[in-house]
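# Examination of the molecular architecture
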Amino acid sequence: MALLKDARALADDFCEPLLENKILGQMGAQFIEAGKFDDARSMFNVALGAFERLGAKPQVAVTRLNLASLEMSLGNLEACRSHVIGAEEIARTLGLEKLLAEAASFRASLCQLAGEFEQAQHLYAQALEIHRRRNNHIFTCATLGNMAATSLEMNQFDLAEARFGQVLSLASEAGLRRTLGIALGNYAILLSRRRRFDEATL
């Protein structure tokens with residue numbers, strides 16, 4: 001955190017407001033890691049206001065998604081939704097696919113929490129299409145995993161198993177060991193739900 005403060009001071013000295021406020025966003029992330037959520041929100045909001053004044057729309061969208069993530073983790077779902085909508089509008093106007101996918105995933109998570117599983121699947125599918133097009137294996141696996149979990153909540157066991165299978169295959173091919181470990185655990189839960197206990201404990 002001290003290094004980030006020094007970097008912000010240097011950016012300020014050299015009149016680099018865009019860099020200075022990107023550093024504020026990084027400081028917000030550091031506060032989250034430290035469990036200082038009010039400080040994180042304040043830091044993100046300062047950066048958001050500055051980016052809006054500078055007309056730095058991509059950074060506005062990124063900061064709104066950072067705030068959305070924070071608010072979701074704290075259970076402030078309406079605040080989360082507001083930031084996601086704001087970020088999505090910018091991302092769609094500017095054609096920022098990565099941010100569009102992130103916004104779709106946030107909206108899907110909100111739908112999932114509200115029990116709106118069909119809409120959640122639709123939104124995850126939108127995000128999945130973008131991640132596949134961008135050849136981003138990590139986010140493709142994460143999104144497929146979310147879709148599998150949603151299918152499981154809907155008692156669509158065959159579909160959930162197929163999607164977990166896709167995650168396992170892609171994570172294995174791409175060498176994503178952490179993702180593979182998480183997927184194996186989730187797959188074991190699915191097998192237990194299907195009362196296939198011998199397979200789940202292999």
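In this report, the structure presented in the accompanying data block is examined. Predicted, not measured: the structure shown is a model, and the values here were computed from it.

### Thoughts on the overall build of the protein chain
- When you go through the protein chain residue by residue, the secondary structure sums to 11 helices and zero strands.
- Reading the protein chain from its N end, one meets helices and strands in the order α-α-α-α-α-α-α-α-α-α-α.
- Relative to its full complement of 202 residues, the protein chain shows a buried share of 40%.
- Within the protein chain, counting contacts between residues at least 6 apart in sequence, those at least 24 apart form 44% of the total.

### Considerations on the pattern of salt bridges
- Following the criterion strictly, the structure yields nine salt bridges and no others.
- For the salt bridge of R64 with E52, the shortest nitrogen-to-oxygen distance reads 3.6 Å. Of the two residues, R64 sits in helix α4 (residues 57-73) while E52 sits in helix α3 (residues 37-54), which places them 12 residues apart along the sequence.
- Owing to a relative accessible area of 19%, R64 belongs among the buried residues under this scheme.
- In this structure, K98 and E102 form a salt bridge, with 2.7 Å as the shortest nitrogen-oxygen distance. In this pair, K98 and E102 are both assigned in helix α6 (residues 97-113), four residues apart and thus about one turn of the helix distant.
- Using a relative accessible area of 38% as the deciding quantity, one classes K98 as partly exposed.
- Look at E102 and you get partly exposed, because its relative accessible area is 23%.
- A network of salt bridges, in which partner residues are shared, links D38, R41 and E71.

The rules behind each value
- Along each chain, residues carry numbers from 1 onward, in the same order as the chain's sequence is written.
- Where totals are concerned, whole chains, interfaces and linings use all residues; where local detail is concerned, this predicted model gives features only for residues with pLDDT of at least 70, and gives and counts side-chain atom pairs only at 80 or more.
- Excluding hydrogens and water, the side-chain figures rest on all heavy atoms present in the structure.
- Under the DSSP-based scheme used, a helix requires at least four consecutive residues in state H or I and a strand at least two consecutive residues in state E, with every element numbered from the N terminus.
- A simple rule labels every residue: compare its accessible area, found with a 1.4 Å probe on the protein chains alone, to the largest value its type can have, and call it buried under 20%, exposed over 50%, or partly exposed in between.
- Working rule for contacts: check all heavy atoms of both residues, and any pair within 4.5 Å makes them a contact.
- The term salt bridge refers to a pairing of a side-chain nitrogen on Lys or Arg with a carboxyl oxygen on Asp or Glu at a separation within 4 Å.

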